[in-house]
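Reading the structure
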Amino acid sequence: MCRIFSSSLVRDLSCNQLSSNNLREMLESTKESLKLEAMKRIVGLIARGKNASELFPAVVKNVASKNIELKKLVYVYLVRYAEEQQDLALLSISTFQRALKDPNQLIRASALRVLSSIRVPIIVPIMMLAIKEAATDLSPYVRKTAAHAIQKLYSLDADQKEQLIEVIEKLLKDKSTLVAGSVVMAFEEVCPDRIDLIHKNYRKLCNLLVDVEEWGQVVIISMLTRYARTQFISPWKESVVENNHEQAFYESDEEKLGTPQSKPYIMDPDHRLLLRNTKPLLQSRNTAVVMSVAQLYWHLAPKQEVGVITKSLVRLLRSHREVQYIVLQNIATMSIQQKGIFEPFMKSFYVRSTDPTHIKTLKLEILTNLANEANISTILREFQTYVKSQDKAFAAATIQAIGRCATNITDVTDTCLNGLVLLLSNRDETVVAESVVVIKKLLQTQPTQHSEIIKHMAKLFDNITVPMARASILWLIGEYCERVPKIAPDVLRKMAKTFTVEEDIVKLQTVNLAAKLYLTNSKQTKLLTQYILNLGKYDQSYDIRDRTRFIRQLIVPNEKSGALSKYARRILLASKPAPMLESTFKDRDRFQLGTLSHTINSKATGYLELSDWPTAAPDSSVRNVEVMEPEWVPSMGKTKPLKSDDKFYSDSGEEEGAGEEGTGSSSEDSSSSSSSSSSNEGKLDSESEDKNSKHSEETDSSQSDKSSGHSDKKKADKKKRLQLKKKAKKAAPKERYQMHRPPTHHPLTQELWNLRTFTPKMVSSPVFVPMSSHELLHRMTGKGLAAQYHFPRQPCIYGNKMVSVQLTLTNSSDHTLEDISIGEKTSSGQNIHRFSSIERLEPGASVTVSMGIDFNDSTQAANFQLCTKEDQFSVSIQPVVGELFLPVTMTEQDFRKEQGKLQGMNETSATITMAPENTSNQALSKKMVSVANMGVVPTGEDSLYRFAAKSVSSGDLVLVSVDLTDSSSGRLTINTEKTVIGSMLLRDLKTALAQP
């Protein structure tokens, strides 16, 4: 699909000039090529944001097309516009229902996607039926689409919740990693409170987590975080206190029993499983996954283990500014409670000149949280630079940060105050105003020691124009007017002159200052106070008018004032508590980290709160999944067990004691798998007693009888083993698809199991071995050492996952080369078995050595160093996809069966055109096996050719079939779980068959 989009976007933009009528005519044409071209242009228009809804009637007519490519594009269009054109989409519901039965999984999934996009309540029953059928589809891609459709149906009709929960419960049991993330998202949307649905699937989800696609990982981790908070006790408690209420036996023990005993915390294994399986995801390339794991560790891990997330979070700070913003917000919240984990990375939070303001502010917040006695001097030096920034908002925030540091660390309070006082002479009004506000808050902590600062601020009052700063100075002078008795009345006189032009916040503080001076120095300020109160009485702001009337009645005694005026001094001049300068992120820990609610500091729609830890650990057995162990009994009809077998098995009973002699007949009719397996194990163990020392230890009481018949017993045991092997060989062809592995690990049982097991992956000798070699090292580059390699197509003797490679080393120089070997430094992720070091290689001599390389089923080159005594040369072996296989022998029937298991997304096919030289039976087979190391599967059809192989590293089957439709064309199909390898092999085979 991406290929179609890219080609449509790259081609000429002439489709913009095409009118809707032209596209409609192309869609109504009888030629499939014109329809396909029209749909490509329409989808291209949609991709560029154009509106193509008017073409809906013409597009929907092609929904029943037999052309797969055309049908895919039609479904893409319908998913986009089905909700807008519901009436027309309803006319094609029958077509969508038929498409749900289509052999192609992409068509089935697209049909369900379109059907769920038609948001009309009348088709809810049809959607429900389609979802239920898709939930049991063989294709995991279709099941994933069903999980997505569940959310759409629930938003359309919430009354279907119970039926949808049943589907979710079924899909939660799915073992496919493709489905896991989607069904958990449906669970979170429909029934997030049904924790009981997760119990049996908890361990499976933890184990599948690393293989799930990235956005599925985010959803699953978020859900498992909520689940763990309800099912495990808090790991943050170092011990659990248990009271002992037992009655003391001795009087001296009463004190011991009366005191509580501490029990160390033991983490639940399932709790540890979640932490262990999510830790590797901290290395994910997806920032959302890393953030999800970080919040999981923050909310679930013991405090001493939270530190593992710090490096990963700091790594995310190199990403885009949008990512930085979210990560820094979460780090700011974490650094308040656990500042120690981020202290080693303090330099990562230094502000850069290129950072935007919101990033700078967050880094400033984190640096302030990390400040302590040890690093405060470094942080303050950094802050001094920030204050000089041209970004005024950032400079103001820095001054606030300095104030917080002064409040939190008392050792630097005086230093910070002196620095802020120096900033009062700054030319920038914003810096001065913010400094005044912060100084005001700091002075409240030590007012008696800083009267000189108050006087200095009063002198600067005329030059300060920011209302908040002027109001702060007025408040300070009024609050500590008794400490500056000469300056306060003069400030009030100046304010009386400019009262009418001041801002409301300044007027309010002026009224307060007048009232306080009236109470403390009424001789000098009585007339000024009355004048200011008269001005406030007629002010335009009702707040000012109300405050003025209240102050007048409070401080000026008269007949109407009553008893309240007696307490005017205690009301206005009461000591105020010092303000606390706290982080704005202090209260954000009430929201789960990484959520939208945490980002906006407000509960968003759909937010699911984390529950508190349970006080007592819930029952952990609810997560146990019962595994039914089937009996290891071959299903061969009603054949009765042979008497010789019973006699053979009953020998062990005679050795163990007479009490078990009578249980021989009853054991034949036993149907319990556990008793059967244990009985078989005991019987087989008794056979091997003659070969070890246990025989002599267990048979001391009857040694005289045993010694006389010892040789006879060995012969009888040998005969019975042979009989049992013959029975197993006869039963093997009938049971190969019915057998279950026996629960015992006894050597004889293992031998019988190997006889019964059938596998189609039996490696055969290569059909064709190409003699061509590839240059590894040129003689000029290698200073006389030349190297070539080729693939002998033989199983590697160094490891069953390695590809065998032969190297031919030639000395083209005029001197002897010594100590030729492979260096220690090799490419990561690939296991290389080195050849033994070659001590001497004479001039003109050649030597062939073998080595093994595990390519991990990929065509990535294996890089290593070829070394001599004096030099090292970097070389690489680039494998061809066909050399990553080993040929497999199988019958036509087994080929069909295995091919039937590898349908859907595991199948890749293409139409091929062959050269005339390759159409004969022998030539086609030779061409196929020359490209890839495959085995030929015999077939009874003249026009059908089959080949089988398995990948060397993983052992997955690779099935190739060529169906000739005529003399020069055919259909090439590859079935394998390794879809990437299948696509590459398809390309190579298609190219080779087209060449003579």
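Keep in mind the model is a prediction, meaning the values are calculated, not measured. (Residues numbered from 1 in each chain as written. Predicted model: local features only at pLDDT ≥ 70, side-chain atom pairs only at ≥ 80, totals over all residues. Heavy atoms only, no water.)

Focus on the overall build of the protein
Scanning the protein from N- to C-terminus turns up 44 helices and 18 strands. The buried share of the protein, taken over its 996 residues, is 47%. The contacts in the protein between residues at least 6 apart in sequence include a share of 67% that link residues at least 24 apart. Working note: accessible area of the protein is about 52,000 Å², and carbon and sulfur atoms make up 50% of it. (Helix = DSSP H or I, 4+ residues; strand = E, 2+ residues; numbered from the N terminus. Buried < 20%, exposed > 50% of the residue type's maximum accessible area, 1.4 Å probe, protein only. Contact = heavy atoms within 4.5 Å. Areas by Shrake-Rupley, 256 points an atom, 1.4 Å probe, with all protein chains shown as cover.)

Observations regarding the side chain of Asn-286
With respect to the helices and strands, Asn-286 occurs in the loop between α17 (269–278) and α18 (287–300). The class of Asn-286 is buried, set by a relative accessible area of 9%.

Things to note about the environment of Met-928
Looking at where Met-928 falls in the secondary structure, it is placed in helix α43 (residues 921–931). Overall, the relative accessible area of 0% leaves Met-928 in the buried class. Here Met-928 is in contact with Met-934, Phe-947, Val-960, Val-962, Leu-972, Leu-989 and Leu-993, once residues within four sequence places are set aside.

Structural notes on the packing of aromatic side chains
In total, this model carries 10 aromatic pairs according to the counting rule given. With a centroid separation of 4.9 Å and 45° between ring planes, the pair formed by Tyr-77 and Tyr-81 is classed as tilted. Of the two residues, Tyr-77 and Tyr-81 both sit in helix α5 (residues 68–81), four residues apart, roughly one turn of that helix. The residues Tyr-77 and Tyr-81 share a single accessibility class, namely buried. The structure contains a cluster of three or more aromatic residues connected by ring pairs, namely Phe-56, Tyr-77 and Tyr-81. The cationic tip of Lys-440 hangs over the ring face of Trp-475; the distance from NZ or CZ to the ring centre is 4.9 Å. One Lys or Arg, Lys-507, reaches over the ring of Phe-499 and ends 5.8 Å from the middle of that ring. (Phe/Tyr/Trp six-rings, centres within 6.5 Å; stacked < 30°, edge-to-face > 60°. Lys NZ or Arg CZ within 6 Å of the ring centre and 35° of its normal.)

Digging into the nonpolar core
Ranked by internal contacts, the top residues of the largest apolar core, which has 199 residues, are Met-39, Tyr-77, Leu-78, Leu-313, Phe-349, Phe-383 and Ile-555. Per-element tally for this core: the top contributor is α18, with 10 residues. The residues contacting Phe-349, other than those within four sequence positions of it, are Val-314, Leu-317, Leu-328, Ile-331, Phe-342, Lys-363, Ile-366, Leu-367 and Leu-370. Counting residues in each nonpolar core, the second largest holds 56 residues, with Leu-776, Val-881, Val-958 and Leu-964 among its members. (Core = buried A, V, L, I, M, F, W, Y, C linked by side-chain atoms within 4.5 Å.)

Description of the packing of helix α29 (residues 504–520) against helix α30 (residues 522–537)
Relative orientation of the contacting elements α29 and α30 amounts to 150°, with a least axis distance of 8 Å. Crossing geometry of α29 relative to α30 is assigned as left-handed. On the side of α29, the interface is formed by Thr-510, Val-511, Ala-514, Leu-517, Tyr-518 and Thr-520, while α30 contributes Ser-522, Thr-525, Lys-526, Thr-529, Ile-532 and Leu-533. When grouped by side-chain class, the residues that make up the contact of α29 with α30 number six nonpolar, five polar and one charged. (Axes fitted to C-alpha atoms, helices over the stretch in contact; angles between N-to-C directions. Left-handed = near helix turned anticlockwise from the far one by under 90°. Nonpolar A, V, L, I, M, F, W, Y, C, P; charged D, E, K, R; others polar.)

What about helix α15 (residues 214–231)?
Between its terminal C-alpha atoms α15 stretches 25 Å, which fits the 26 Å expected from 18 residues at 1.5 Å a residue. Judged by how many residues are buried, α15 sits mostly within the fold: 14 of 18 residues are covered. Two or three places before Trp-215, at the start of α15, stands the capping residue Glu-213, its side-chain oxygen 3.2 Å from that residue's backbone nitrogen. (Expected span 1.5 Å × (residues − 1). Polar contact = N/O pair within 3.5 Å; in protein donor to acceptor, adjacent residues only side chain to side chain.)

With respect to the pattern of salt bridges
Considering all chains together, one arrives at 34 salt bridges under this definition. Taking the shortest distance from any N to any O, the salt bridge between Glu-365 and Arg-404 comes out at 2.9 Å. Here the residue Glu-365 occupies a position in helix α21 (residues 357–370), and Arg-404 occupies one in helix α23 (residues 392–408), the gap between them amounting to 39 residues. Just as Glu-365 is buried, Arg-404 falls in that class too. (Salt bridge = Lys/Arg side-chain N within 4 Å of Asp/Glu carboxyl O.)

A closer look at the environment of Leu-902
Mapping Leu-902 onto the fold places it in the loop between α42 (892–901) and β14 (907–913). With 74 residues separating them along the chain, Leu-902 and Thr-976 place their C-alpha atoms 6.2 Å apart. Setting aside anything within four residues of it in sequence, one finds Leu-902 in contact with Glu-907, Leu-957, Leu-959, Asn-975, Thr-976 and Glu-977.

Things to note about the sheet that holds strand β4 (residues 774–777)
In space, the five strands of this open sheet follow the order β4-β5-β6-β10-β8, with antiparallel pairing throughout. In this open sheet, the two strands that pair with only one neighbour each are β4 and β8 (831–833). The average angle at which neighbouring strand axes cross in this sheet is 30°, direction not considered. Here β4 pairs with strand β5 (residues 785–790) via three bridges, running antiparallel. Bridge pairing in β5 places Glu-775 opposite Gln-788. (Pairing = 2+ DSSP bridges.)

Thoughts on a nonpolar patch on the surface
On the surface, Phe-550, Leu-564, Tyr-567 and Ile-571 cluster together into a nonpolar patch covering about 380 Å² of accessible area. Along the chain, Phe-550 falls in helix α31 (residues 542–555). (Patch = residues over 30% accessible without salt bridge, like charges linked within 9 Å, V, L, I, M, F, W, Y side chains within 5 Å.)

Side note on the pairing of β14
Alternating residues of β14 divide into Thr-908, Ala-910 and Ile-912, all buried, and Glu-907, Ser-909, Thr-911 and Thr-913, none buried. One ladder, built from seven bridges, connects β14 with strand β18 (residues 969–976); its direction is antiparallel. Across the sheet, the residue bridging to Glu-907 is Asn-975, located in β18.

Here we look at the confidence of the model for the protein
Taken residue by residue, the protein gives an average pLDDT of 78. The fraction at 70 or more is 80%. Mean pLDDT values for the elements of the protein range from 38 in helix α36 (residues 664–668) up to 94 in α18. Segment residues 1–17 is flagged for pLDDT under 50; beyond a separation of four residues in sequence, or across chains, it makes 23 contacts in the model. Ignoring residues within four places in sequence, the model shows residues 727–760, a span with pLDDT below 50, making 54 contacts including any to other chains. (pLDDT = per-residue confidence, 0-100.)

Comments concerning the side chain of Glu-479
Secondary-structure assignment places Glu-479 in helix α27 (residues 467–479). Among the polar contacts listed, one links the side chain of Glu-479 to the side chain of Lys-516, at a separation of 3.2 Å.

Some words on the packing of helix α9 (residues 124–135) against helix α11 (residues 161–172)
Running from amino to carboxyl end, α9 crosses α11 at an angle of 10°, the nearest separation of the two axes being 10 Å. Compared by their axis directions, α9 and α11 come out roughly parallel. In the packing of α9 onto α11, the handedness of the crossing is left-handed. Across the interface between the two elements, Met-128, Ile-131, Lys-132 and Ala-135 of α9 pack against Gln-163, Leu-164, Val-167 and Leu-171 of α11. (Parallel < 35°, antiparallel > 145°, perpendicular 65-115°, else oblique.)

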